[in-house]
Amino acid sequence: MSMPPRLLSLAWRVSRFRFWIYTGGTYVVGYALGMDSWTAFFDPGYVLFLLYFFFPANLFIYGVNDWWDQDTDRFNPKKDVKEYRIRDADGRNLLLLLALAGAVSVALLFALDTVGRALLLAFLFLSYFYSAPPLRFKEVPVLDFSSNMLYVVPGILGYYIASGALPPLALVIAGYLHISAMHLFSAIPDIGWDAAAGMTTTAVVLGRRRSLLLCLAFWSGLAVLVIWLSNLHPASLLVLVYPAVPLALLLREGLSIDRVYWYLPFVNTGLGGLAFLLATLRTAAW
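Each chain has its residues counted from 1, running along the sequence as written. Side-chain atom pairs in this predicted model are given and counted only at pLDDT of 80 or more, local residue features only at pLDDT of at least 70, and totals for whole chains, interfaces and linings cover all residues. Side-chain figures throughout are based on the complete set of non-hydrogen atoms in the structure, without hydrogens or water.

Labels follow the DSSP assignment, with helices taken as runs of H or I lasting at least four residues and strands as runs of E lasting at least two, numbered in each case from the N terminus. Check the secondary structure of the protein chain and you find 15 helices and zero strands. As a reference, a globule follows 2.2 Å times the number of residues to the power 0.38, and the radius of gyration itself is taken over C-alpha atoms. In terms of C-alpha radius of gyration, the protein chain reaches 19 Å, essentially the compact-globule figure of 19 Å for 286 residues. In terms of overall dimensions, the protein chain has a C-alpha envelope of 55 × 55 × 30 Å along the principal axes. Taking all 286 residues of the protein chain together, 50% fall into the buried category. Within the protein chain, residue pairs in contact and separated by at least 24 positions form 73% of the contacts whose partners lie at least 6 positions apart. To measure how exposed things are, a 1.4 Å probe is used in the Shrake-Rupley method; for residues, cover is taken only from the protein chains shown. Roughly 14,000 Å² of accessible area belongs to the protein chain as shown, and the carbon and sulfur atoms make up 70% of that amount. We count Lys and Arg on the positive side and Asp and Glu on the negative side, and we leave His and both chain ends out. Think of each charge as sitting on NZ of Lys, CZ of Arg, CG of Asp or CD of Glu. In the protein chain, 20 positive and 17 negative side-chain charges are present, and the distance between their average locations comes to 5 Å. Any residue under 20% of the maximum accessible area for its type is buried, any over 50% is exposed, and the rest in between are partly exposed; the area is computed with a 1.4 Å probe on protein chains only. In this analysis, two residues are considered to be in contact whenever any of their non-hydrogen atoms come within 4.5 Å of each other.

The interhelical angle for the contact between helix α1 (residues 5-14) and helix α6 (residues 91-109), taken along N-to-C directions, is 75°, at an axis separation of 10 Å. The angle between the axes of α1 and α6 places the two elements in the roughly perpendicular class. Seen from α1, the contacting residues are R6, L7, L10, A11 and V14; seen from α6, they are N93, L94, L96 and L97. Only Asp, Glu, Lys and Arg are considered charged, only Ala, Val, Leu, Ile, Met, Phe, Trp, Tyr, Cys and Pro nonpolar, and every remaining residue, Gly among them, polar. Tallied by class, residues from the contact of α1 with α6 come to seven nonpolar, one polar and one charged. Here, axes are lines fitted to C-alpha atoms. For helices the fit covers the stretch in contact, and angles between N-to-C directions go from 0 to 180 degrees. Comment on the angle field: the value is read as roughly parallel under 35 degrees, roughly antiparallel over 145, roughly perpendicular from 65 to 115, and oblique elsewhere.

Averaged over every residue, the pLDDT of the protein chain is 89; residues scoring 70 or more account for 91%. Confidence scores labelled pLDDT are given residue by residue by the predictor and lie between 0 and 100. Here helix α5 (residues 70-73) stands out as the least confident element of the protein chain, with mean pLDDT 66; helix α7 (residues 114-129) is the most confident, with 98.

Quick look at the nonpolar core now. Soluble globular proteins: nonpolar side chains tend toward being buried together. What is meant by a nonpolar core is a set of buried Ala, Val, Leu, Ile, Met, Phe, Trp, Tyr and Cys residues, joined one to another through side-chain atoms within 4.5 Å. Ranked by size, the top nonpolar core spans 82 residues in total, and within it F53, L120, F123, F185 and W219 carry the most contacts. Each residue touching F53, except ones within four places of it in the same chain, is listed here: W20, T23, G24, Y27, N58, L120, F123, P154 and L157.

Moving on, we get to the environment of F123. In this fold, F123 is placed in helix α7. Between the C-alpha atoms of F123 and V153, which are 30 residues apart in sequence, the distance is 6.1 Å. Setting aside anything within four residues of it in sequence, one finds F123 in contact with T23, Y52, F53, A57, I61, L150, V153 and P154.

Attention now goes to the side chain of S146. By secondary structure assignment, the location of S146 is in helix α8 (residues 143-146). Residues within four places of S146 in sequence aside, it is in contact with Y176 and I179.

Our next topic: α1. Among the residues of α1, L7, L10, A11 and V14 are the ones counted as buried. Here the buried residues of α1 occupy an arc of 100° about the axis, which is enough to place them on one side. In this structure, the buried side of α1 is in contact with α4 (56-68) and α6. R16, located one to two residues past α1, shows a positive phi value of around 55°. Think of it as the arc spanned by the lines of direction from the helix axis to the C-beta atoms.

Here the focus is a nonpolar patch on the surface. A cluster of nonpolar side chains, L33, L171, W228 and L229, forms an exposed patch at the surface whose accessible area comes to about 360 Å². Along the polypeptide, L229 turns up in helix α12 (residues 202-229). Classification of L229 as partly exposed rests on a relative accessible area of 34%. Residues with no salt bridge and a relative accessible area higher than 30% make up the patches, which join like charges within 9 Å and nonpolar side chains (Val, Leu, Ile, Met, Phe, Trp, Tyr) within 5 Å. Salt bridge criterion: a side-chain nitrogen from Lys or Arg within 4 Å of a carboxyl oxygen from Asp or Glu.

Two measures describe an aromatic ring pair: the distance that separates the ring centres and the angle between the ring planes. Put simply, two rings from Phe, Tyr or Trp (the six-membered ring, in Trp's case) pair if the centres are within 6.5 Å, and we call them stacked under 30 degrees between planes, edge-to-face over 60, tilted for the rest. Overall, the coordinates contain 24 aromatic pairs when judged by the stated rule. Centroid distance W12 to F17: 4.9 Å. Interplanar angle 20°. Geometry classified as stacked. Judged by relative accessible area, F17 falls into the partly exposed class, the value being 48%.

The next subject is the packing of α4 against α7. Interhelical geometry of α4 versus α7 gives an angle of 25° and a closest axis separation of 8 Å. In terms of orientation, α4 lies roughly parallel with respect to α7. The handedness of the crossing between α4 and α7 is right-handed. On α7, the residues touching A57, F60, I61, V64 and W68 of α4 are F123, L124, S127 and Y128. A breakdown of the residues in the contact of α4 with α7 according to their chemical character gives eight nonpolar, one polar and no charged. Should the near helix be turned counterclockwise from the far one by less than a right angle, the crossing is left-handed, whereas a clockwise turn marks it as right-handed.

Right, dumping it as structure tokens:
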């Protein structure tokens, strides 16, 4: 039975299509890095979790976020421009969508072994308690950006499904540095609105300049790791675009961070696609 158009429309808006790449793309890159042959892309298990991490997973992440952020979102005009603002009339349908996404997630646990289940449960735990009380990581300095490891976990799971082993620690650390910088960077434009809502995010505590300096440190660490892990591959130098962003904002006070932020999904997609292509070509050459 198909989903009613009104419910499907809400699911599309809540899942934030422009951010699907942050879970689905991470899963694809992780899988490509772990596989030993490009023919692994034909494995039904790969396809199953590919579909999950593009749509249901994002519906769960942002559905939970929208449900628990209804009070604080009223201060943020971004919800009327780049994102969907949940209305009172959406409440029942949103809970239904969350139940469906949760049911799909639970069903997928049975398609995994013990390690795979632990990884998927970690993803669900971080996705839920990033926004939901009593933990609500998003309002706790340091834990707010650290809990965004939820976006790295799909890549770890993809690597594990493809190889039967966990990825090298250096790759996980690189992922943590990137998502920490991304989260903190995204919170800087919201400093005023979050402070007005009584939220003590890392960005609110540090302020704009110190937050940008921390982003610069995180992304610089990412660049060093990527260049080192690639054995100085020329393409790896493109990662330097990340530390260049906060550096430019620090040097040019008049540069709008709001405008720059919305270009980052394109940068992430482009560089993630390049990493996927190089990983796939590596297996094809064997």
